[in-house]
Amino acid sequence: MAGYLIKDTTKEEREQLVAESLGNISASCDGCSAGIVEMYQAYIDGKKELRDINMEFHARYVSGSEQPERTGCTIY
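Worth saying up front: this structure is predicted, and the values here are computed from it rather than measured.

Reading the values: rules and limits
Residues numbered from 1 in each chain as written. Predicted model: local features only at pLDDT ≥ 70, side-chain atom pairs only at ≥ 80, totals over all residues. Heavy atoms only, no water. Helix = DSSP H or I, 4+ residues; strand = E, 2+ residues; numbered from the N terminus. Buried < 20%, exposed > 50% of the residue type's maximum accessible area, 1.4 Å probe, protein only. Areas by Shrake-Rupley, 256 points an atom, 1.4 Å probe, with all protein chains shown as cover. Lys, Arg positive; Asp, Glu negative; His and termini not counted. Salt bridge = Lys/Arg side-chain N within 4 Å of Asp/Glu carboxyl O. Polar contact = N/O pair within 3.5 Å; in protein donor to acceptor, adjacent residues only side chain to side chain. Contact = heavy atoms within 4.5 Å. Expected span 1.5 Å × (residues − 1). Arc of directions from axis to C-beta. Core = buried A, V, L, I, M, F, W, Y, C linked by side-chain atoms within 4.5 Å. pLDDT = per-residue confidence, 0-100.

(A) Here's a closer look at the overall build of the protein chain. Scanning the protein chain for helices and strands turns up 4 helices and 0 strands. Going residue by residue from the N terminus, the α and β elements of the protein chain occur as α-α-α-α. Counting over 76 residues, the protein chain shows a buried share of 20%. Total accessible area on the protein chain stands at roughly 5500 Å², and carbon and sulfur atoms take up 53% of it.

Written out as structure tokens, the structure is:
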């Protein structure tokens, strides 16, 4: 794989990259893995770069900006 940018990867490569980065995403020990995978779906689909997704997540975490109420560890 040449890089991580959408323009440099195929959808299959992006799926593999996310799966390898997150580790065992099929584990359902506490239900968190599904939420994490959903967070990166826009990258896998070629709609949003990894950097943008991570920056948005971090901005919500630091600022505490108004977001949907979270239950458990799910992102959405």
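Following the structure, the description resumes.
(B) Broad picture of the side chain of R14. Within the secondary structure layout, R14 lies in helix α1 (residues 11-22). Despite being buried, R14 has no salt bridge partner; E13 is the closest side chain of opposite charge, sitting 6.6 Å away. Within polar-contact distance, the side chain of R14 engages the backbone oxygen of I44 at 3.1 Å. Residues within four places of R14 in sequence aside, it is in contact with I6, T9, Y43, I44, D45 and G46.

(C) Structural context of α1. Helix length check: α1 (12 residues) gives 17 Å between terminal C-alpha atoms against 16 Å at 1.5 Å per residue, within 8%. Taken residue by residue, α1 has R14, L17 and V18 as its buried positions. Each buried residue of α1 lies within a common arc of 95° when the element is viewed along its axis, so the set occupies one face. Residues E12 and E20 are exposed on α1 and point more than 90 degrees away from its buried face. G23 sits one or two positions beyond α1 and adopts a positive phi of about 85°.

(D) Seen up close, the nonpolar core. Of all hydrophobic cores here, the largest spans 8 residues; its members are I6, L17, V18, M39, Y40, Y43, I44 and I53. When contributions to this core are tallied by element, the ones reaching two or more residues are α1 and α3 (41-44). With sequence-adjacent residues up to four places away left out, Y43 is seen in contact with Y4, I6, T9, R14, L17, V18, K48, E49, L50 and I53.

(E) Seen up close, the confidence of the model for the protein chain. For the protein chain, mean pLDDT is 77; residues scoring 70 or higher make up 61% of the total. The secondary structure element of the protein chain with the lowest average pLDDT is helix α2 (residues 32-39), at 73, and the one with the highest is α3, at 95.

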